[in-house]
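# Overview (structure and organization)
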Amino acid sequence: MTVSLRPLFLRHLAQTSDMPLSLEIARAEGIYLYDTEGRRYADLISGIGVSALGHGHPAVVSAVRDQAGRYMHTMVYGEYVLAPQVRLAHLLAEQLPESLDSVYLVNSGAEATEGAMKLAKRTTGRSEFVSMYDAYHGSTQGALSLMSDEYFTAPFRPLLPGVRHIRFNCDWCLNEISEQTAAVIVEPVQAEAGVVPGRTAWLAALRKRCTEVGALLVFDEIQTGCGRTGSLFAFQSYGVVPDILLLAKGFGGGMPIGAFVAGRELMSGLSHDPVLGHITTFGGHPVSAAAAWATLNELVSDPALIGGVAAKAALFKTLLAQHPAVLDFRQAGLMMALELDSFDRCLKTIRVALERGLIVDWFLFNNRSLRLAPPLVISEPEIRDCCRLLRIALDQALLD
Ligand code: PMP
């Protein structure tokens, strides 16, 4: 019998809430996690929005093993020519428009946001930012300043001054973007608001307004990127190109890495006046960069992966949207929200689903909706099986 580490987890690891899920993970493979008692859980949130290729994908594992055996950390970011970083940046730039050809590798999503904010200030000489209500761009103080929600921000004030919040998809709100705005930071599909897709015409108008007033447009694709919405990056299906693109989460295929991507000239602002305008020791860690390259390489070379997202997404919708507990079903590819009638109903469904071996979740700014963001590799039989179990959980949640 294995001794549970749960008491030590609760005692020595800092907690972020008083109700951690506390699953004791023994191993993970494909869409499944296995706990120390041998129970299997389908990871329908990719923990969270990360494991696009599923857990333990052989290409990623082998890239990690290989790179760990060659070298790990050798020098702070940006000084040495490190093959995993160069290969990753090259492959990424090949997928992007020419105006996004310079990649700054960091460790996380929040750090990508921070880097983009600094780059925008440095480039425009302005200090105001515009962000959206119910957006999440990270938990560090600059990124947190972009958050509208008082509950999460008030205890940490003062944060950065000069942040305006506007409503997502609101046309007249674009007038808030002015000659004082350094950058507008937006997710093409709002994730933590509960999967709210941007309107194409609105994103195009936003692009136009930013160009008119000389503000940079930053797309946070930390959740929407890496195939999640059915194209490699969501901006590609919208046909609206940002000045800076933020990546993390799924980008590393399970290893920690993030990036902000811009044009070479724009990015050069961080290398002079001052020199070392943004620095990081571990950003683009060779092992993470190797994993990210392997992940991106799979995503672009296996047409079934991203090409399969639309059909899988449609199957989820067919199997779930009609359930009487589901009041609304919002979706951008395999980023999905099932709106129920209350937070209690959500919590009950999440609990019952867990008992049945499914991991689902709610959203930071929409606690009436269930989050589904399965690995893109989920198969049709797996979808059918998971949806059958989820429907049972929804049935039970209705029995109140
Ligand atoms: N932006 C978005 C859209 C996110 O979903 C997240 C993470 N939930 C972040 C930024 C921050 O990423 P990280 O947790 O890696 O700092």
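Check the entry above for the structure.
Residues numbered from 1 in each chain as written. Predicted model: local features only at pLDDT ≥ 70, side-chain atom pairs only at ≥ 80, totals over all residues. Heavy atoms only, no water.

This next bit is on the packing of helix α3 (residues 58-70) against helix α11 (residues 286-301). When two helices pack together, their arrangement is given by the angle between their axes and by how far apart the axes lie. Closest axis-to-axis distance for the α3/α11 pair is 8 Å, and the angle between their directions is 150 degrees. What the angle tells us is that α3 and α11 run roughly antiparallel. α3 and α11 meet at a crossing whose hand is right-handed. For the pair α3 and α11, contact is made by A59, V60, A63, V64, Q67 and A68 and by P286, V287, A290, A291, A294, T295 and E298, respectively. Among the residues forming the contact of α3 with α11, the class breakdown is ten nonpolar, two polar and one charged. (Axes fitted to C-alpha atoms, helices over the stretch in contact; angles between N-to-C directions. Helix = DSSP H or I, 4+ residues; strand = E, 2+ residues; numbered from the N terminus. Parallel < 35°, antiparallel > 145°, perpendicular 65-115°, else oblique. Left-handed = near helix turned anticlockwise from the far one by under 90°. Contact = heavy atoms within 4.5 Å. Nonpolar A, V, L, I, M, F, W, Y, C, P; charged D, E, K, R; others polar.)

This next bit is on the state of the cysteines. Taken as a whole, this structure holds one disulfide when the rule is applied. The side chain of C170 participates in a disulfide bridge whose partner is C173; the two sulfur atoms lie 2.2 Å from each other. Looking along the S-S bond of the C170-C173 disulfide, the torsion reads about 80 degrees, which is the right-handed sense. Under the relative-accessibility criterion, C170 is labelled buried at 5%. (Disulfide = S-S within 2.5 Å. Buried < 20%, exposed > 50% of the residue type's maximum accessible area, 1.4 Å probe, protein only.)

Within the structure, the ligand sits among S108, G109, A110, Y136, H137, G138, E187, D220, I222, Q223 and K249. In this structure, K249 approaches the ligand through a side-chain N or O atom, which is 3.2 Å from a nitrogen atom. Relative to its unbound accessible area of 400 Å², the ligand is 82% covered by the protein chains. Among the residues forming the shell around the ligand, the class breakdown is three nonpolar, five polar and three charged. (Near = heavy atom within 4 Å. Polar contact = N/O pair within 3.5 Å; in protein donor to acceptor, adjacent residues only side chain to side chain. Areas by Shrake-Rupley, 256 points an atom, 1.4 Å probe, with all protein chains shown as cover.)

Judged by how many residues are buried, strand β10 (residues 216-220) sits mostly within the fold: five of five residues are covered. Along β10, one buried face is formed by L216, V218 and D220 and the opposite face, lined by L217 and F219, is buried too. By the bridge criterion, four bridges tie strand β7 (residues 181-186) to β10 in an arrangement that is parallel. Across the sheet, residue I185 finds its bridge partner in β10, namely V218. (Pairing = 2+ DSSP bridges.)

Another point: helix α5 (residues 109-124). Its 16 residues give α5 an end-to-end C-alpha distance of 23 Å, which sits within 8% of 22 Å, the value for a rise of 1.5 Å per residue. Considered for burial, the residues of α5 that qualify are G109, A110, E111, A112, T113, E114, G115, A116, M117, L119 and A120. At the N-terminal boundary of α5, the capping side chain belongs to S108, with an oxygen 3.2 Å from the backbone nitrogen of E111. The positive-phi residue at the C-terminal boundary of α5 is G125, with phi of around 70 degrees. (Expected span 1.5 Å × (residues − 1).)

Under the definition given, this model contains 19 salt bridges. A salt bridge links R345 to D341; its shortest N-O distance comes to 2.7 Å. The network of salt bridges with common partners includes D328, R330, E339 and R368. (Salt bridge = Lys/Arg side-chain N within 4 Å of Asp/Glu carboxyl O.)

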